[in-house]
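Each chain, letter by letter, is given below.
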Amino acid sequence: MIQQLIEFSLRNRFLILLAYVLVAVWGYWALLRTPIDAIPDLSENQVIVFTDWPGRSPQEVEDQVTYPLTVNLQGLPGVRTVRSSSAFGFSMVNVIFEESVDIYFARTRVLERLNLAASALPAGVVPTLGPDATGVGQVFWYTVEGPYDPGALRSLQDWFIRYQLNAVPGVAEVASIGGFVRQYQIDLDPVRLRGYGVSTRELLEAVERSNNNVGAKVVESGDMELVVRGLGLIRSVEDIENIVVAEHAGTPVYVRNVAHVQLGPDFRRGVLDKGGQEAVGGVVVVRYGANALEAIDAVKEKIRTIEPGLPDGVKIVAFYDRSSLIRHAVDTLRWALLEEVLLVTLAHIVFLWHFRSILIVTLPLPLAVLIAFGFMHHTGISSNIMSLGGIAIAIGVLVDAGIVMTENVLRHAERYADEHGHYESQIGNIVRQAALQVGRPIFFSMAIIILAFVPVFALTGMEGKLFHPLAFTKTFAMVGATLLAVTLVPVLCTLLIRGKLHREEQNRAMRVLRAAYEPLLRWALGHRLATLSVAAALFVAALYTASTIGSEFMPPLDEETAMYMPIADPSISLTKATELMREQDRILAEDPAVAMVVGKIGRAETSTDPAPINMTETILTLKPRSEWPAGTTKEDILQRLDAKLRMPGVTNIWTQPIRNRIDMLSTGIRTQVGVKIFGDDLRVLEAKAAEIERVLREIPGAVDLYAERITGAPYLEIDIDRKAAARYGIHVGNIHDVIETAIGGKNLGMTIEGRERFPVRVRYARDFRENPEELGRVLVAGANGVQIPLGQLAEIRTVMGPSMISSESGLLRGTVLLNVRGRDVGGFVEEASRAVAERVPMPAGYYVDWSGQYENQLRATRRLQLVVPVVFLVILVLLYLTYHSWKEALHVILAVPFALTGGVFLLKALHYNFSVAAWVGFIALFGTAVQTGVVMVIYLEEAVKRKIAATGPLTRASLREAIMEGALLRLRPKVMTVATVVAGLLPILWSTRTGAEVMKPLAAPVLGGMASSLLHVLVVTPVIFAWLRERELGKAALAEQPESRPGL
Amino acid sequence: MTGNEKRIAATGVLAGLVLASVLYASYRFARGESVAPTAASTTRNHSPAEPAPDDAMATGAFVQVEMTAEEQKAIQLRTEEVHRRDLQRSVLAVGRVEEAETRLATISARVGGRIDRLFADYTGQELKQGQAIALLYSPEVVASAEEYRLAREHLEKLGPGAAPRAVEQARDLVEASRRRLELWGIREEQVRELEQSGAPRIHITISSPVNGIITERRVTQGQYVREGDVLYTVSDLSTVWVKVDVFETDLPLVRVGQPVEITTESMPGRTLAGRVGFIEPMLNPQTRTVAVRIEVKNPRMSLRPGMYVHATLLSRAEKTLAVPRSAVLDTGMRKVVYVALGGDAFEGRQVEVGPPGEKYYPVLAGLKEGERVVTRGNFLIDSQTRITGGMTGLFGGSKEFAGEPTAAQKNGWKVTLQVEPDPPLGGTENDFLVSLTGPDGKAASDAQVRVELLMPAMPAMGMAEMRASAELRWDGQQYRGKASIPMAGRWSVTVEALRGGKRLARYRTQLNAR
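**Points about the overall build of chain B**
When helices and strands are counted, chain B shows eight helices and 30 strands. Within chain B, the proportion of its 514 residues that are buried is 47%. Of the contacts made within chain B by residues no fewer than 6 positions apart, 68% connect residues no fewer than 24 positions apart.

Encoded structure:
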């Protein structure tokens, strides 16, 4: 089939060229259209149902909102699990779908179910679907600055800027944060209410009914029609003050008689601060799957468009702009790709010294990349560090096929020229012969490389999301390269190989290499045992070295922007948190390395941001690297800042914006093992968690044990004494109304002022509700107008309660988290779950579930246990098909451990940890290592065959001679393939640009492995080959070699 | 002794000892000393099992915290001395202005007749004592006046030669009729007028007997009134009563004679002074309040009956030990203050406080005069103790917070920590090397050195707290041990050197594992 393809290509050269021109156009078109982002979106395939219920405690939210929603949302098609959390004032239900479910399909299903679920919720509580975006989509943050008060800036943001930016394509949501939402505040004076004999309820009704415009159809006047409007919307504080509440002895009682009305700030759960000053800002969230870069650029363009329309002096200033990171990251890889192409070309120049033939190798390279882009576009993979990285690490291998092909054609041409004095006229035939000879092995070795990478697809969870794009693009590029090698490359050979040819022997670089290689190989063949022992010793040393290398999940991407995330106690007040943040920001802003500091406490008003108020996220923009004192690293600066910011009671966390969002989004358990206890009483859950923690502590291997504390936030509970209430003839509902309105405040609707809308809120004046003692004096109206202080109707007490309630599948969840060290996790879980089942009895309605990262690991291990042997087997079969000999196939596989040796050493030398990236690097290495082995063995076989043909049956000496010949003669393609792989990876390794740090641990094993496998292939493989053949010689009569080696 | 007896005896001795120590402890409590005086407080640091009173009413120290000057500055820590203060606890109440019951007057008709003229003809009119308010035409009075005139004429007619008995009779008659007029309220000058004019005036002037304001007018001009009919109610508003309802809980703060400040909506910024005049003996079972009467001088008539006023009943200032409200943290189960022990040490102490005043809590137990309490930054210190333990059991965690190596350096001990490899690696074992120099500058080799690593939990992110620790052994030059760092990231490290259960030094720092 491959032969036919080659022959077809050679026969229809024009057609092939035309086809590839079209392919190039297609690839370029796709390249322009592929969405660009920094890293793949690692969030789970989830739909967030977000419900605001202002002012309610986590417990109320859990019982009345989260629970009914959760139970309704289970059982949708494709739902993997429903996790939820109830916090102060809002409920967040994460419906996690299987990865295969389309997000818009999922959203529709959830929406369907919400219709039903909404009826089970308290009146006025409306669940909403989060935007079709994730927290990772928060790509652009800005502040609105100007000489106005925060309230005015906030309404500008809320009612003007926000909606304008939201209209930009690709933007899912623009959320506001900071400043104050303006609000009409009616602060009731209970004393005056009592004096005028007006009840709170009357006032509420009066205000509610005094804020509307009505229509009354039309009136005809003459021949005209006049539209009738009844005006009555609240437009100012005076309008509210003049609302009549009741009539008291003939005089109207106005709102102003019983309350103080003002325009004030709404209650808030988020604060923004810039360098120690109150600020107003917004977050632009891009749509799932949208082109982040394009969206950001469009947003910036839109800002330029609307800026002239802002009030005098108001500016929109970005303080987090991911586009620069994306640009830099993509630039890094573009540069790497460019440098790789240059280096690869350089390698060819050095080794081939035939400039036209270089085109044969370098032309398919961009084509393969463009083909990969074409596939990317159609499979919906975005351009990011990982997917581009996939192409980058493939570059070296991409040209391999071309090199082997070209080299072979050149060799054939040389031989032909030697024999006939010329070759150009016969080039078509020469190419055909040469191409047919290596076509099959090329195809098989490329197939091996592609296949060897298959285990990466078996990665699940976050690793999977991170590396699947890389695996896909690498595979796409490889498939492209393979196709090119058997179609375009031969065609190009016929067109471009002409002129004077340079023999390998004439090449200076080759001469030097051969001079070094020959004695080495001779010595090795003479001292086989020593050679093999050295190789084995190196391997053992590598195994030992591997045990000293640390491990981590992923080397963090340097996002250029630092994020300082101090976490305080959950009971901290917003005032104190703000005060702390001001101080922290002031300290940060003073530092000479810091250009801009913008801190955020709590949530921006988007469901993609669940941060509680004890969590501050401060985005630090550092000055450009060029302004730092020489030798300073970002790490040094952060370390210095951390030392300055050490405050008691505050845990400093340094992270980066994207990483932080990913961390916040993963709601699952992130230790190796998590024991989830399900039940319906938080206290029981907490007690059981503590019991389980005690039991687990005794089981060997358990470390980092931690039973999640459920309580920790202070509650002021107003426990109504029903008997007391009954004695005064007061309904519990009335008391609740008072608690809600008097203490908490109640919104009575919105004013409509042009585009802007502000809530109207009623609440007791501050003096009457400010502290717990005062709350006891809040009056509740009973039957016949008696006013009873709340303290006599209820017990008011401070207790510790949950700051956030987590539940899963409709039951409350307590967790014990732990890691396992020193033994295998599966065995540990088995033993531990038995112990827990025996020693911690669960009450009815409670059960324990074991989960955690180990599940992923187990699943991945199980998959890998299946996939890796299958891949090995397939590679073996492919090798067998190449050699028709199992022995040879196994022999080639031996390249793998030796490749590993170099990879481990380089990893250690560069101080990289074992991470998923490094593992993927190793996987990539195996395929390449096998491939180089294949090439070597083919040439050795060929040499032996030629020897037999030339001198008859082999002797020990002639065999060695043949091996020397084969190894030496074909040094060029081997060195070239290795050199191109190395050249293709070096730019990544020496790059200090953004994003390179993620690719480096991936490139390092390949690079080190290629170096050691070069040695292995050049030295150890001939030795083993010689040893195997000599055994054959010893066993069989040295008469004949009946086998013929097809395919060569 | 049999074995059993021995056991009983031993138990007895043990019980005695326990009892004695409990008694001693309570004695010291009663004297207001903290169980852990400053000097002994270092011992508390490494006996975590000892304190942590679970009893909500207990007072005393439960944790000690050290903080560097930089840390104190970073959280803008402020302290304030505890002293005795005039704690004025005032009761705020809403009152209604009422007329003083003691100053009400009623003007009634002493004789029946017709009101011919009304000078005070509207409610609310102010009356002065003696001011004419109405002219009454009373036929009865007219008749009596006529009678009086006739009696006088008769008397005059009698002349000097009249029989003394007749004169006597006529004089009696004059006197009697005059008396009758007077009893009806016809004043002397009117009588005199009558005497002089001869012709009887038919109207009687009714005048006000008191100063005051007409609160009720029951007559109109031309109305016939009968004897005894109420014409006006007059109220003297120069002193008014303010009735306030005081809730049961505030009652202990109210006394008769207590000064009261009155403010009204009508005169913002002005206060009137009053005094508690009477506390009603009955509690209104409907409202659970007791009415208290406040007497207020009202010379300018600014308080008008029916008005709502705010009354602040000022209690007598008491000198009590007081602590600023901001210094007290209420965890719901206990009230906690942080006491500066001098230097960098602070002590968390549970206190008992009374009902709060405007700015201060009266201290009932747990603090002494002259101690300094933290008034700003105490929340953070408290949460720090929660992050790393301190409040054992209450918030979870088991290790208290220590500051920078201040404690160590103070006693002359110096700790240096070195980690191999540097930077340490996450997910694998690392070597920890500690050298410990004593006050004499020599390396100490007989200490127990322990390294603890902690990565605090991040509940918001579903990350558990992670810990690791290692006991280091003396290797001839320094202490050395292996600890595995569970994962890459920022770890807080505490090195602690103990000798014989006593802490020599402690060093806290951060490591960044790769």
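**Notes on the overall build of chain A**
Assigned secondary structure in chain A consists of 34 helices and 30 strands. For chain A, the spread of C-alpha atoms along the three principal axes comes to 130 × 85 × 55 Å. Evaluated residue by residue, chain A yields a buried proportion of 57% over its 1048 residues. Considering only contacts within chain A whose residues lie at least 6 apart along the sequence, 79% involve residues at least 24 apart. When the accessible surface of chain A is totalled, it reaches about 42,200 Å², and 58% of it is carbon and sulfur. Side chains of chain A give 102 positive and 106 negative charges; the mean places of these two sets differ by 7 Å.

**What about the packing of aromatic side chains?**
All names here are of chain A. Enumeration according to the criterion identifies 13 aromatic pairs over all chains in this entry. Three or more aromatic residues joined by ring pairs form one cluster here, namely Trp26, Phe375, Phe457, Phe472 and Phe476. Between arginine 603 and the ring centre of phenylalanine 90, over which it is positioned, the NZ or CZ distance is 4.5 Å.

**Observations concerning the packing of helix H3 (residues 58–73) of chain A against helix H4 (residues 103–117) of chain A**
Residue and element names in this part refer to chain A. Axis separation between H3 and H4 bottoms out at 9 Å; the angle between their running directions is 130°. With respect to H4, the axis of H3 lies oblique. Crossing of H3 against H4: the hand is right-handed. In this structure, H3 uses Leu69, Asn72 and Leu73 to contact H4, whose residues at the interface are Val110, Arg113, Leu114, Leu116 and Ala117.

**A word on the confidence of the model for chain B**
Residue and element names in this part refer to chain B. Per-residue pLDDT for chain B has a mean of 74; in total, 76% of the residues score no lower than 70. In the model, residues 25–57 has pLDDT below 50 throughout and makes 35 contacts with residues more than four positions away in sequence or in other chains. Under a pLDDT of 50 for its full length, residues 458–462 has, in the predicted model, 12 contacts with residues more than four places off or in other chains. Scored by ipTM, the complex comes to 0.70, with pTM at 0.74.

**Focus: unusual backbone geometry**
All names here are of chain A. With phi around 55°, lysine 217 is a residue other than glycine that occupies positive phi space. With respect to the helices and strands, the residue lysine 217 is situated in strand S8 (residues 214–221). The phi torsion at histidine 911 lies on the positive side, around 60°, for a residue other than glycine. Considering the arrangement of structural elements, one finds histidine 911 in the loop between helix H30 (895–909) and helix H31 (916–951).

**Section: the sheet that holds strand S17 (residues 308–314) of chain B**
All names here are of chain B. Taken in spatial order, the six strands line up as S4-S13-S16-S15-S14-S17 and close into a barrel, and their pairing is antiparallel. Direction aside, the axes of adjacent strands within the sheet are offset by 40° on average. Two elements, strand S13 (residues 239–247) and strand S16 (residues 289–297), share nine bridges in a ladder whose sense is antiparallel. For valine 246, the partnering residue across the bridge sits in S16 and is valine 290.

**Brief notes about helix H2 (residues 13–33) of chain A**
Relative to the 30 Å expected for 21 residues at 1.5 Å per residue, H2(A) spans 30 Å between its end C-alpha atoms, a close match to the ideal helical length. On the buried face of H2(A), the contacting elements are helix H1 (2–11), helix H13 (364–379), helix H16 (461–486) and helix H17 (488–496) of chain A.

**So, the sheet that holds strand S12 (residues 230–235) of chain B**
Residues and elements named next belong to chain B. Here four strands make up an open sheet; going across it, the order is S5-S12-S10-S7 and the pairing antiparallel. The open sheet terminates on both sides in strands that have one partner only, identified here as strand S5 (104–108) and strand S7 (126–127). Of the strand pairs in this sheet, S7 and strand S10 (residues 212–217) are connected by two bridges, and their pairing is antiparallel. Bridging across to S10, leucine 127 finds its partner in glycine 212.

**With respect to the pattern of salt bridges**
Side-chain pairs of opposite charge can arise whenever the charged atoms involved come near each other. Residue and element names in this part refer to chain A. Applying the stated criterion across every chain, the model contains 59 salt bridges over all chains. In this structure, arginine 582 engages glutamate 278 in a salt bridge whose closest nitrogen and oxygen atoms are separated by 3.2 Å. One end of the pair, arginine 582, is in helix H20 (residues 574–590); the other, glutamate 278, is in strand S14 (residues 277–286), with 304 residues separating them in the sequence. Given the relative accessible area of 26%, arginine 582 is considered partly exposed. Relative accessible area serves as the criterion here: at 26%, glutamate 278 is assigned to the partly exposed category.

**Brief notes about a nonpolar patch on the surface**
All names here are of chain A. On the surface, Phe8, Phe14, Leu15, Leu18 and Leu22 cluster together into a nonpolar patch covering about 520 Å² of accessible area. When residues of the nonpolar patch are assigned to their parent elements, the largest contribution, four residues, is made by H2. Note on placement: phenylalanine 8 falls in helix H1. Using a relative accessible area of 37% as the deciding quantity, one classes phenylalanine 8 as partly exposed.

**Observations concerning the side chain of Glu371(B)**
All names here are of chain B. Turning to its location among the elements, glutamate 371 is positioned in the loop between strand S22 (360–365) and strand S23 (372–376). You can call glutamate 371 buried: its relative accessible area is 15%. Of the polar contacts made by the side chain of glutamate 371, one reaches the backbone nitrogen of lysine 368; its length is 2.8 Å.

**Things to note about the environment of Glu71(B)**
Along the polypeptide, Glu71(B) turns up in helix H3 (residues 69–74). For the pair Glu71(B) and Ala322(B), spaced 251 residues apart in the sequence, the C-alpha separation amounts to 27 Å.

**Here's the deal with the packing of helix H11 (residues 322–352) of chain A against helix H12 (residues 355–362) of chain A**
All names here are of chain A. With their axes 10 Å apart at the nearest point, H11 and H12 run at an angle of 140° to one another. Relative to H12, the element H11 is oriented oblique. Relative to H12, the crossing made by H11 is right-handed. For the pair H11 and H12, contact is made by Thr345, His348, Ile349 and Leu352 and by Phe355, Ser357, Ile358, Val361 and Thr362, respectively.

**Topic: the pairing of strand S24 (residues 756–764) of chain A**
All names here are of chain A. For S24, a buried count of seven out of nine residues is recorded, marking the element as mostly surrounded by other parts of the structure. Sheet analysis places strand S7 (residues 182–188) next to S24, joined by five bridges and oriented parallel. By the bridge assignment, glutamine 185 is partnered in S24 with arginine 761. Relative to S24, strand S23 (residues 746–753) runs antiparallel, the two sharing six bridges. Bridging from a neighbouring strand, threonine 751 pairs with phenylalanine 758 of S24. Taking the residues that link successive antiparallel strands as the turn, the S23-S24 hairpin has two residues, and the phi of glycine 754 there is positive, at about 65°.

**Some details on the nonpolar core**
Proteins that are soluble and globular tend to have nonpolar side chains buried together. Residue and element names in this part refer to chain A. Membership of the largest hydrophobic core comes to 205 residues, with the highest contact counts inside it found for Leu398, Phe467 and Leu879. With near-sequence residues (within four places) excluded, leucine 398 lies in contact with Leu365, Ala368, Val369, Met446, Ala477, Met478 and Ala481. Ranked by size, the runner-up nonpolar core spans 42 residues in total, among them Val253, Val732, Leu748 and Leu775.

**Some details on H3(A)**
All names here are of chain A. Taking 1.5 Å per residue as the helical rise, H3 with its 16 residues ought to reach 22 Å, whereas the 20 Å between its terminal C-alpha atoms falls clearly short. The largest bend along H3 reaches roughly 40° and is located at threonine 66, with the proline proline 68 sitting one to four residues downstream. What H3 keeps buried is the set Pro58, Val61, Glu62, Val65, Thr66, Pro68, Leu69, Thr70, Asn72 and Leu73. Count one or two residues on from H3 and you reach glycine 75, which has phi positive near 75°.

Analysis parameters
- Residues numbered from 1 in each chain as written.
- Chains lettered and ligands numbered in written order.
- Predicted model: local features only at pLDDT ≥ 70, side-chain atom pairs only at ≥ 80, totals over all residues.
- Heavy atoms only, no water.
- Helix = DSSP H or I, 4+ residues; strand = E, 2+ residues; numbered from the N terminus.
- Buried < 20%, exposed > 50% of the residue type's maximum accessible area, 1.4 Å probe, protein only.
- Contact = heavy atoms within 4.5 Å.
- Areas by Shrake-Rupley, 256 points an atom, 1.4 Å probe, with all protein chains shown as cover.
- Lys, Arg positive; Asp, Glu negative; His and termini not counted.
- Charge placed at Lys NZ, Arg CZ, Asp CG, Glu CD.
- Phe/Tyr/Trp six-rings, centres within 6.5 Å; stacked < 30°, edge-to-face > 60°.
- Lys NZ or Arg CZ within 6 Å of the ring centre and 35° of its normal.
- Axes fitted to C-alpha atoms, helices over the stretch in contact; angles between N-to-C directions.
- Parallel < 35°, antiparallel > 145°, perpendicular 65-115°, else oblique.
- Left-handed = near helix turned anticlockwise from the far one by under 90°.
- pLDDT = per-residue confidence, 0-100.
- Pairing = 2+ DSSP bridges.
- Expected span 1.5 Å × (residues − 1).
- Salt bridge = Lys/Arg side-chain N within 4 Å of Asp/Glu carboxyl O.
- Patch = residues over 30% accessible without salt bridge, like charges linked within 9 Å, V, L, I, M, F, W, Y side chains within 5 Å.
- Polar contact = N/O pair within 3.5 Å; in protein donor to acceptor, adjacent residues only side chain to side chain.
- Core = buried A, V, L, I, M, F, W, Y, C linked by side-chain atoms within 4.5 Å.
- Bend = angle between axes of the 7 residues up to and from the residue.

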